[in-house]
Amino acid sequence: MRSDGVSLEHEVRIYGSLCDPNAPRWGGRSGTLAIYYASTTPLSRRSGRSAVAAAAYRTGCRLVDARTGLEHDYSRKRGVESSALILPDGESIDRELLWSAAERAEARKDARTAREWVLALPSELGASERIELAHAFALELARRYGVAVDVAIHAPHRHGDDRNFHAHLLCTTRRVERDPALGIVLGAKVAIELGDKDRKKVGIAGRSADDIEQLRASWAELANGALERAGRSERIDHRSLEAQGIDREPTIHLGPVATQMERRGRESDRGRILREIHRDNRERERLAAHMARLQAELEARERAAQEQAERERAELEAREAAERAAKERAAQAELEAREYAGLCTQ
């Protein structure tokens, strides 16, 4: 019993309800927090995006779009640690030639010209290990789908978390083949870019969503292998946090607009929500740790009470056994005395 009259058992129930993932949460939210990041999105002309511009920005270089004649110069961009183009044959190709060809291959105004993967790289790895890991995943994408993959590894932003090493992988949406005259030719759309009905028409099993989930699992396997080789105990898990049994709320991705606002000292709606989630998760972790301590204390008390009861029972049994033995000895002595008295009277 606490000094305020609340029993330990009642306090455990109170904190247990606060830590229950199905219980009401602060701000009406509930859920878990991710410890793994690997996302993919297509680049579409519908949203005004260009594969050439995206490649120039991600890799921090100057590229000219042969289709439009527009120059995209990001050669002064800071934070790009390395960049490399990876093809299925393991060789490379001119970046400007590749992405101009990717733009020319599409005629539709809403065409997808590239697909981007953004990967959180383990900060526990060294620079060369992070590069090797990102290139391994890029090569898997290239060989699985026959695409070209443009890999750019970015350092953490100088005003952000210094552990936020990440990689941008820009993939073509069509198979790439080398051509002696043209250098590179883009062929048919690859499976991950097809809708479920189109996949079925051409005899490709499964859904594109299944492909993405398999690749997320593959990334986790590659990253964990790299961590193990580096002698680190940390691991990542591609499964949802609910499936992992982790009781934290998922964070959200700020996106480019909110990120720029936050860097300029202006609060964004998404930034505010993200800060709330982090605060909620810290509070949830504090409550969970407190509940664990309470639960451990309760279990310790229960064990002590059980051990005390067992000791008292053993002592009682010992006393009863001693009393029985004393009575038996007294009875035996009385019997022997009677027998002796009988012998004396004969």
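Every value quoted in this text rests on a predicted model; they were computed, and no experiment measured them. (Residues numbered from 1 in each chain as written. Predicted model: local features only at pLDDT ≥ 70, side-chain atom pairs only at ≥ 80, totals over all residues. Heavy atoms only, no water.)

Asker: What am I meant to see in the nonpolar core here?
Answerer: One broad trend across soluble globular proteins is that nonpolar side chains are buried collectively. Counting 31 residues, the largest nonpolar core has W117, L141, V149, L169 and W219 as its most contacted members. Of all elements in the fold, only strand 5 (112-120), helix 4 (127-145), strand 6 (149-154), strand 7 (166-171) and helix 6 (208-229) reach the threshold of two or more residues within this core. At seven residues, the largest contribution of residues to this core is made by helix 4. For V149, the residues in contact, after removing those within four places along its chain, are A84, L85, I86, A138, L141, A142, L169, L170 and C171. Listed in part, the 21 residues of the second largest apolar core include A51, C61, I93 and A101. (Core = buried A, V, L, I, M, F, W, Y, C linked by side-chain atoms within 4.5 Å. Buried < 20%, exposed > 50% of the residue type's maximum accessible area, 1.4 Å probe, protein only. Helix = DSSP H or I, 4+ residues; strand = E, 2+ residues; numbered from the N terminus. Contact = heavy atoms within 4.5 Å.)

Asker: Where do I start with the side chain of T40 in this structure?
Answerer: If you trace the backbone, T40 turns up in strand 1 (residues 38-44). Look at T40 and you get buried, because its relative accessible area is 16%. There is a polar contact of 3.1 Å between the side chain of T40 and the side chain of R115. Looking at T40, its side chain comes within polar contact range of the main-chain oxygen of E116, at 3.1 Å. (Polar contact = N/O pair within 3.5 Å; in protein donor to acceptor, adjacent residues only side chain to side chain.)

Asker: What exactly am I supposed to notice about helix 6 here?
Answerer: One turn of the α-helix equals 3.6 residues, which is why residues spaced by three or four share an orientation. Counted at 1.5 Å a residue, the expected span for helix 6 with its 22 residues is 32 Å, and the 32 Å between its end C-alpha atoms agrees. Burial in helix 6 covers these residues: S208, D211, L215, R216, S218, W219, A220, A223, N224, G225, A226 and L227. Just downstream of helix 6, G231 is the residue with a positive phi angle, here 75 degrees. (Expected span 1.5 Å × (residues − 1).)

Asker: What exactly am I supposed to notice about the sheet that holds strand 4 (residues 80-86) here?
Answerer: Strands in a sheet are paired, the pairing made by backbone hydrogen bonds, and the direction either parallel or antiparallel. Within the open sheet, the five strands sit side by side as 1-5-7-6-4. Their pairing is antiparallel. The outermost strands of the open sheet, each flanked by one partner alone, are strand 1 and strand 4. Between one strand and the next, the sheet's axes are offset by a mean angle of 15 degrees, whatever the strand orientation. Of the strand pairs in this sheet, strand 4 and strand 6 are connected by six bridges, and their pairing is antiparallel. (Pairing = 2+ DSSP bridges. Axes fitted to C-alpha atoms, helices over the stretch in contact; angles between N-to-C directions.)

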